[in-house]
Amino acid sequence: MLEPFSSYPPDKMIDMKFATVLTTLTGTLLFLGCQPQPEKEVIAVPFPATAYEAGMVVSGMRHPEWGQTGDSLPSFSWQVPVETNSQSAYRIWVASSKEKLSRQQGDLWDSGKVTSPASSNIVYGGQALHPGQSYFWQVRIWDVAGIPTEYSPIQRFTLGAFNTPGYEGLRIKLNAPAELKAIESDHYFIDFGKDAFGTLALYYPVEENDTLTIRLGEKLDNTGRIDRDPPGSVRYQLVQLAVGKPNSNFILQLPPDSRNTGPGAILLPDSIGVVMPFRYVEIENSKIPLLPNMVRQRAVYYDFDTETSQFKCSDTTLNKVWDLCKYTIEGTSFAGIYVDGDRERIPYEADAYINQLSHYQVDREYSLARRTIIYLMDHPTWPTEWQLHMAMMIDADYQYTGNKELIRRYYQKLKKKCLMDLAGPEGLISSLSPNLNGAFMASLGFQDTATRLQDIVDWPPAQKDTGWPLATPQGERDGYEMMPENTVVNAFYYRNLEIMESFARILGKTEEAEQFHDRAVQVRNAFSSILFDSDRGVYLDGAGSTHASLHSNMMPLAFGLVPAQHIASVVNFIKKRGLACSVYGAQYLLESLYQADEDQYALNIMRNTSDRGWWHMSQLGSTMTLEAWDLKYKPNADWNHAWGTAPANIIARYMWGIRPETPGFETVRIEPKMSDLTTSLIELPTLRGTVKASFARHQNGKTYVISIPPNTQGLFVVREQVESISVDNQKVTTPEITLTSGVHKIDVNF
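Residues numbered from 1 in each chain as written. Predicted model: local features only at pLDDT ≥ 70, side-chain atom pairs only at ≥ 80, totals over all residues. Heavy atoms only, no water.

K.L.:
Quick one: what's the story with the sheet that holds strand β17 (residues 310-313), residue by residue and with numbers?
P.N.:
Sheet architecture is open: seven strands sit in the order β17-β22-β23-β24-β29-β26-β27, paired in antiparallel fashion. Strands at the two margins of the open sheet, each flanked by one partner only, are β17 and β27 (730-732). Within this sheet the neighbouring strands show an average axis-to-axis angle of 20°, counted without direction. Two elements, strand β26 (residues 724-727) and β27, share three bridges in a ladder whose sense is antiparallel. Directly across from V727, in β27, lies its bridge partner Q730. (Pairing = 2+ DSSP bridges. Helix = DSSP H or I, 4+ residues; strand = E, 2+ residues; numbered from the N terminus. Axes fitted to C-alpha atoms, helices over the stretch in contact; angles between N-to-C directions.)

K.L.:
Hey, could you go over the environment of I429 for me, with residue numbers and the actual values?
P.N.:
For I429, the location among the structural elements is in the loop between α8 (405-417) and α9 (438-444). Under the relative-accessibility criterion, I429 is labelled buried at 1%. Between the C-alpha atom of I429 and that of N490, which follows or precedes it by 61 residues, the distance is 6.4 Å. (Buried < 20%, exposed > 50% of the residue type's maximum accessible area, 1.4 Å probe, protein only.)

K.L.:
Break down unusual backbone geometry for me, citing the residues and quoting the values.
P.N.:
Cis rather than trans, the peptide bond between K245 and P246 has omega equal to 10°. Following the sequence through the fold, P246 ends up in the loop between β13 (236-243) and β14 (249-251). Here the amide bond leading from W459 into P460 is cis, since omega sits at 0°, within 30 degrees of zero. Looking at where P460 falls in the secondary structure, it is placed in the loop between α9 and α10 (463-466). In this model, F665 sits at a positive phi of 65°, which is unusual for a non-glycine residue. Relative to the helices and strands, F665 resides in the loop between β20 (658-660) and β21 (667-670). Here D728, not a glycine, exhibits a phi torsion of approximately 55°, which is positive. Along the chain, the position of D728 falls in the loop between β26 and β27. A relative accessible area of 34% places D728 in the partly exposed class.

K.L.:
Just give me the short version of the packing of aromatic side chains, but keep the residues and values in it.
P.N.:
Per the counting criterion, the structure on display carries 30 aromatic pairs. Residues W109 and Y124 carry aromatic rings whose centres are separated by 5.5 Å and whose planes lie at 70° to one another, so their mutual orientation is edge-to-face. With a gap of 15 residues between them, W109 in strand β4 (residues 109-110) and Y124 in the loop between β6 (122-123) and β7 (134-142) connect regions that are remote in the sequence. Residue W109 is classed as buried on the basis of its relative accessible area, which comes to 13%. The class for Y124 is buried, based on a relative accessible area of 3%. Taken together, a centroid distance of 4.9 Å and an interplanar angle of 80° make the contact between W614 and W629 edge-to-face. With a gap of 15 residues between them, W614 in helix α17 (residues 614-620) and W629 in the loop between α17 and α18 (646-655) connect regions that are remote in the sequence. Overall, the relative accessible area of 0% leaves W614 in the buried class. Joined through ring pairs, the aromatic side chains of F76, W78, Y90, W109, Y124, Y135, W137 and F157 make up one cluster. Across the ring face of Y601, the terminal group of K575 is positioned such that the distance to the ring centre comes to 5.4 Å. (Phe/Tyr/Trp six-rings, centres within 6.5 Å; stacked < 30°, edge-to-face > 60°. Lys NZ or Arg CZ within 6 Å of the ring centre and 35° of its normal.)

This is how it looks when you write it as structure tokens:
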């Protein structure tokens, strides 16, 4: 742009005579119709029509209008529209009414235009907000060229009591039957297709008073009827329903089960009532024909969007396994907190961690995990290793959301939860430490300070310890020798020290970070000098043990404790032990194998069709993962346990290798290990948008098509020995490839 005349120095003054000539010439050109070209009109990019579609989130809640947040300073997140691609600035308004926001009047907070690409976890900075009050927020962003978008939709949120977990509330879904047939003229059989927690809704318009016999169940017997005496904790319920005028619409009232309504159990609100898991219904003594539109499975779920994730591949068994695990995450959300299944309905730390990891891969929902974390910090359970899962849960929340709130809130408590007070002179911790006293239990959050931690390793233990008749007398511990200084416990301890070091650095506590680092080095050295059998090349079950198990080797491998020179011997031992662990232990077995580049063996485990596999669960008739591989391995097992969903997170995090490279997915890492699969596709939701990817093997190599969400960077990693790599038809020389937002084609040639 030319500067004003007065700003030019004398030697650069424009000749006024020339200016007169220029003016005359311009007028002549206009007269001749040669008008100057107008500037091109810039059309603002619109946000999607709804706050949900725009990815708007308040303190981890994507439907804050359904519930309440306990954050006195809520945080705001959104997804950058695809057409904008990248963000250079944002402006947030928060108002006391929707009407004010419609005029862009943020009477409570106007952030002003902030030059930043940040689109998540923007902390409120306005006037004090008050519990019980509803508020409204809106955002506008600018792209890298400085062009603003239109205004986002307006989203409402309500504050609850401060420092309570955000809660969106439970939702009721009326599921139609997949099949309804008459067994006899007055006896009907109904299959809803999937197990769900709920009850039966029935439309039954008759004049005369009568009684229907109604049976609900999860399992069929050998005749194809509902199993009236199911094994273990598989559910069956008989209810006599009085019908007749004046009522024609009925919601079946179920009796409570003493097994899941005791101390420690999560009770549902009265508005929901008693629920049970069931798939099948039989109705007897019906005086009128029953039609499909007269019956519904009245199912209870937490917010879950089935459309946000997808996985398919060339192996149909693996597809069924993934579908089974995904639906388990949806179906077991009924309590509004991660619970261990129907039998107890109690939150447990290790169960919750696997549930959390799998949940993050199949839906863009984070408030349920946070609610569970907050609950478990105040309601701990007895296994030693379960305490060590809390730092891991908070770290997972941070990695997937980028939100540091839980780190700040619980850092001091986590210093106790990581159990470093139980460390001996060699650096290893022990649940038999004299420091494990009532005061220490109180510091962990136990109300009953007479409780003591007990090492668990895996569950169930050996037949001799439980009295249960087990198909494998050693239980799921592979003969583990329980020693005071336990290898599995200390592997978890080592991982906790790594996490606590990172938390300390995030909080600027450099001295404490170094202390955690030094402790981790000491533990690593102890693993080599005390717990490793150099003659056999394997880890022993504990200090002083001569026994080596699957668990004492897969855990050090999973947590990066095995030196490079010993990985081969440890992996060889692990493979000889087979699947000698529970569905819980399988999480860490699979992680250890993928980290050791034993992806083919790990894939074979996930798709195996023996009675110790996920395919077998579906063959039994369950539509959710079981608590155990089969009831013969745990006689009281239930059919709805999310700690069995390891493949849901392993497929995404390790087979496809899609993980946050930086917290909150500012950069997404994609490091696929496809083994012998020939094709695959995946859609994985993140806070910033959905990562979409496809894979196909061909004669000369592999082709990947990767879609990176807006305002996100990708890092595609190739670890194989290849002849060449091309990205968007351009050859590259590095195995670590940076991808911008958008769609990219990657050819890996052998």
